[in-house]
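Reading the structure
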Amino acid sequence: MICHKQRFKHVTLTQSRHYGLHNQGATCYLNSVLQVLSMTTEIHNRLNTTKETDFHLINIFEDLKEATCRTETITAAFGIQDVHEQRDAAECLEMILREISPQASEVFQGALTYTTTCSKDHKIIEETNEFWTLPLSLKDAHDSSYSVERSFEMIFKSKSFNGGNMVYCNDCDRKTEAESCEMVVSPPILTLLLKRFDFDYNTMTHFKSHRCVDVPRELQRNDKKYELYAMVNHFGSLTGGHYTATIRSNEDNTWYEFNDTHVSKVEEQPFAETNSYNSRTVYLLMYREAAQRLQSRFNPGNWSLRTTELQMCNEADSADRTREVEEDEMTTLSKS
């Protein structure tokens, strides 16, 4: 696999209305995330002007339409005190999503249900976990090439366990285990985290992976289709580096590179000739649910449907746990 080097061409005002953000010291991670959120228009009408964090995001999104902006109001609103400290872009994204209004952050929120069954399909354990980002490991794949699409699909592949990992099935009266995973609530914005920063238990040291990955333009999960619209990149090493964002503009369907105050048009446009893109620097991938489905199931300003979906998953988990306790009590009584 050949990883292409990105080449950029300066953008004049006649080419684009996109503007950059000043770096306060080491806030490139924040700038990259803000540019992605600025181009994620699904959250804009959901921000609450009476909430301080939302108010400042609304202001900077509006100001970015006119000029290059400073971010001091953002760092103050979100409690970022040391602007010279290098921080992680993925952690920054989740911090912002925690601090803004729930009706805005739920655009990024999905839910996975993990179900453990025995060999006779008796349900032993079922647990639903909400997420904003889905992490994909880079060190577990042994192929010479790394496919993001294949790694994403591996999340949902059934796994069988043995030995100490096995659990007891009351119905079968023996230990057994098989686990499956399903995305029971699909977010309008699906964010994948490539785990370039990881820990090696053999050497007991942290490391950064520079592995070249194959990024698909589209992802399909059951009947849901997602299209890539933003990437956050990390250049450098574990101890020091720099973040940028590569984002496709809805205005002209063109990819731009956002590097602090400098905005560039990507000369060799990703996916111009193929449906995949190779990179050694991409760290976060943002996929937008296909427009036709998004419009039918997700109306801006109305999040009751998705809230109900999450509540139904949680209620189902609660009912299953209650039923398991009752069955255990009945089993105990019958043996006594």
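Everything discussed here concerns the structure shown above.
Here is what the cut-offs are and how they apply
Residues numbered from 1 in each chain as written. Predicted model: local features only at pLDDT ≥ 70, side-chain atom pairs only at ≥ 80, totals over all residues. Heavy atoms only, no water. Core = buried A, V, L, I, M, F, W, Y, C linked by side-chain atoms within 4.5 Å. Buried < 20%, exposed > 50% of the residue type's maximum accessible area, 1.4 Å probe, protein only. Contact = heavy atoms within 4.5 Å. Pairing = 2+ DSSP bridges. Helix = DSSP H or I, 4+ residues; strand = E, 2+ residues; numbered from the N terminus.

**Things to note about the nonpolar core**
In this structure, L57 and I96 are the most contacted members of the largest nonpolar core, which totals 47 residues. Look past the residues within four positions of I96 in its chain and what remains in contact with it is L30, V33, L34, L37, L57 and F78. Counting 28 residues, the second-largest nonpolar core is a separate cluster that includes L138, V148, L228 and Y287.

**Brief notes about the sheet that holds strand β19 (residues 276-279)**
The 3 strands lie next to each other as β5-β13-β19, forming an open sheet whose pairing is mixed. The open sheet has two free edges, formed respectively by β5 (146-147) and β19, since each of these has just one partner strand.

**Re the pairing of strand β17 (residues 255-259)**
Burial of β17 is extensive: 4 of the 5 residues sit out of reach of the surface. As paired elements, strand β16 (residues 241-248) and β17 share 4 bridges and run antiparallel to each other. Looking across to β17, one finds that R248 is bridged to W255. The antiparallel hairpin formed by β16 and β17 contains 6 residues in its connecting segment, where N253 sits at a positive phi of about 55 degrees. Relative to strand β18 (residues 262-266), β17 runs antiparallel, the two sharing 4 bridges. Residue pairing for β18: Y256 is matched across the bridge by K265. Here β17 folds back onto β18 in antiparallel fashion, the turn holding 2 residues, of which D260 has a positive phi close to 55 degrees.

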